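Chain by chain, the residues run as shown.
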Amino acid sequence: MLVSLWRRGNLVDAYSINMWLHHIYVYVVCLLLIILQCASTADDHVSPWRWSCDDGKCVKTEHDPRSKESALCLEACKMFCNDNGLLWPKPTGQVELGNFLSKVNINNIRVEMDKRGKSDDLLDVAGKRFQKLVNLNIPSGITPKASGKSVIVYLVNENPDVREFSLTMDESYSIRVGAVSSDKINATITGKTFFGIRHGLETLSQLILFDDIRNHLVMVRDVVITDKPVYPYRGVLLDTARNYFTIDSIKRTLDAMSLVKLNTFHWHITDSQSFPFMSKRRPNLSKYGAYSPAKIYTSEMIADVVRYGLERGIRVMPEFDAPAHVGEGWQGTGLTVCFKEEPWASICVEPPCGQLNPVKEELYDVLKDIYSDMADIFNPDIFHMGGDEVSEKCWNTSQEIQQFMIQNRWDLDKKSFLKLWNYFQTKAQDRAYQAFGKRLPLILWTSTLTDYTHIDNFLNKDDYIIQVWTTGADPQIKGLLEKGYRLIMSNYDALYFDCGYGAWVGTGNNWCSPYIGWQKVYDNSPKQMAQTYSDQILGGEAALWSEQSDSSTLDSRLWPRAAAMAERLWAEPDTNWASAEKRMLHVRERLVRMGIQTESLEPEWCYQNEGYCY
């Protein structure tokens, strides 16, 4: 051929042609190697195991890919092997999960809204979050097959203009899923408000799984679910004053809370150790009270968190703890007593001591300004006024306070100091109403002021909600309920998640040890504590006080224990933790997929071999 080309006068370089043929050869070989490598990689990611449901347990056996018998991946087996599938928290109404899985195309899942109103922007975000959760089902590095049915999710919001939190808001929803053709699945979520529909999307995301036998996304078909929570208040308290927490870590907490349908982030934002809340009206409080200029929460930062919470169905409720638990930031105001008093153990429960001086009239102008700043940023439907661990010994160190009490013909005993405390609380309550522009519900911690033998002399049951931090067996619970007070349960023997670590003052373990496992959290039933008065229980809240925690330990302190509480408060099940363990292991895996650095509960072997780790 080269001779022929030469004779025709073509100046062809034999060397160039040989190189051209060589490049084609190399290209073909490389292409074949890539194809073979991709095939090998795909095979490597296909599970050799299948699972079958046997007496409520998923049993593992080797899968023969040549077998025509249908095979279930682990999550599919778990979905069909108990009445509540993998759903967390378990629904409180009808649950029908059918008997079929359909392959779905990950690239063809669409969310559509039925009605348009003021909450549309929130539903838009919820729809995008749903699609993100679906994508998190796919293991890292895996590309599922892009085939299967399309999925259309219809959102039917019966009250599209409702976007405000309240203790009476409707969080109910219903889900119906079914195939409408050979290539299409419809899922309809109906709710009275955005909040219910948001919960419905969260549940629907749990019905879509990754099948590692077929390398495919699959969805549970023929589904009917009706659901609503038992308790309207389901919260997590985070103390950001003892140690500072980044905004990113707070947002991560909100993401995890929304996954398990918790609806209140209680922000304990100030304390005697620091004042990181930047008050526009009283800027010196954070200037002198924050740990550093970098460790503050500006109005813009807080507004971002409030919006982030709203989009996830979570109210962000501030607490300004008073009249105790104040100190840093108040220097030079003349409005506190016993700040940094020593020896601290004789006056308060931890250093530094510090309380507001209730006889200073200018104090109430400062309080109104702080409340007004919080009203502007948080716009809450309920407000926490603290009232924790007030010490009459602290107040009794002030001659000015002693003189005030004598002038009012009060003694200097505990009973009279309760009158002083009530004097403060009455004036602070009035300033709060002025700042918020309405008589919003107020919350106080259990204390000597809220003792059921005299609480009605000081606090109106229609104005105040009492948050119980003492034990679940405290007689105060029954006494307060009998007098008609509404309660939020945070009994420390089950819901204080800072318990069980080394003491930070002195030696040994911290005051509320031992560590509280998820099982005890799950079995902590407000209904059992309240008995016939359970309708006065608004819900419960896990508390993370941060003397020994910060952003780096936040996830493992809260999760997955807060998920255990979430199911108790959502469903108030009549079964104990053992009935929930299989699903608990799965919700922990879902949190990990989301990027939450949760505590591990058991070896993964237990997750894959049900029934052997009891």
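Residues numbered from 1 in each chain as written. Predicted model: local features only at pLDDT ≥ 70, side-chain atom pairs only at ≥ 80, totals over all residues. Heavy atoms only, no water.

### What to know about the UniProt feature "active site" (unreviewed entry) in the protein chain
Mapped onto the present numbering, the UniProt feature "active site" (unreviewed entry) falls on Glu389. Position of Glu389 among the secondary structure elements: in the loop between β16 (383-386) and α10 (392-395). Excluding residues within four positions of it along the chain, Glu389 makes contact with Ala324, His325, Val349 and Gln355. A polar contact is formed between the side chain of Glu389 and the side chain of His325, at a distance of 2.8 Å. (UniProt positions renumbered as here; feature names shortened; annotations may be inferred. Helix = DSSP H or I, 4+ residues; strand = E, 2+ residues; numbered from the N terminus. Contact = heavy atoms within 4.5 Å. Polar contact = N/O pair within 3.5 Å; in protein donor to acceptor, adjacent residues only side chain to side chain.)

### As for empty space enclosed by the protein
Taken as a whole, this structure holds six cavities of 30 Å³ or more when the rule is applied. Roughly 70 Å³ of internal volume is contained in the largest cavity. Around the largest cavity, the lining comprises 13 residues; the ones closest to its centre are Lys582, Leu585, Cys606, Glu610 and Tyr614. Taken together, the elements giving at least two residues each to the lining of the largest cavity come down to α19 (577-593) and α20 (604-608). Of the residues forming the lining of the largest cavity, the biggest block, three residues, is contributed by α19. For the lining of the largest cavity, a count of residues per class yields six nonpolar, two polar and five charged. (1 Å grid on protein atoms, 1.4 Å probe; cavity = no way out; pocket = protein on both sides within 12 Å on 5 of 7 lines; lining within 4 Å. Points joined across faces, edges and corners; volume = space filled by probe spheres on them. Nonpolar A, V, L, I, M, F, W, Y, C, P; charged D, E, K, R; others polar.)

### Here we look at the nonpolar core
Ranked by internal contacts, the top residues of the largest apolar core, which has 120 residues, are Trp267, Phe320, Trp330, Tyr371, Phe378, Leu487 and Trp559. Those residues in contact with Leu487 that sit more than four places away from it in its chain are Ile465, Ile466, Val468, Ile477, Leu480, Leu481, Gln536, Ile537, Leu538 and Gly539. One finds Ala126, Phe210, Val218 and Val223 within the second-largest nonpolar core, a separate group that totals 48 residues. (Core = buried A, V, L, I, M, F, W, Y, C linked by side-chain atoms within 4.5 Å. Buried < 20%, exposed > 50% of the residue type's maximum accessible area, 1.4 Å probe, protein only.)

### Some remarks on the sheet that holds strand β17 (residues 442-445)
Taken in spatial order, the eight strands close into a barrel running β11-β12-β13-β16-β17-β18-β19-β20, and their pairing is parallel. On average, each strand axis in the sheet is inclined to that of its neighbour by 30 degrees, with strand direction left out of account. Sheet topology note: the strand β18 (residues 464-468)/strand β19 (residues 486-489) ladder contains four bridges and is parallel. Of the residues in β19, the one forming a bridge with Val468 is Met489. Across the sheet, helix α13 (residues 475-482) lies against β18, β19 and β20 (537-544), angled at about 150 degrees from β19, the strand it touches most. (Pairing = 2+ DSSP bridges. Axes fitted to C-alpha atoms, helices over the stretch in contact; angles between N-to-C directions.)

### Observations concerning the packing of helix α9 (residues 363-378) against helix α12 (residues 414-436)
Contact geometry of α9 with α12 gives a least axis separation of 8 Å together with a crossing angle of 40 degrees. Relative to α12, the element α9 is oriented oblique. In the crossing of α9 with α12, the sense of the turn from one axis to the other is right-handed. Residue-level inspection shows Leu363, Tyr364, Leu367, Lys368, Tyr371, Ser372, Met374 and Ala375 of α9 in contact with α12, the latter providing Tyr423, Phe424, Lys427, Ala428, Arg431, Ala432, Gln434, Ala435 and Phe436. Of the residues in the contact of α9 with α12, the class split is 12 nonpolar, two polar and three charged. (Parallel < 35°, antiparallel > 145°, perpendicular 65-115°, else oblique. Left-handed = near helix turned anticlockwise from the far one by under 90°.)

### As for the environment of Gln403
Residue placement: Gln403 occurs in helix α11 (residues 399-407). Here Gln403 falls in the partly exposed class, since its relative accessible area comes to 43%. Taking the C-alpha atoms as reference points, Gln403 and Val359, 44 residues apart in sequence, are found 9.8 Å from one another.

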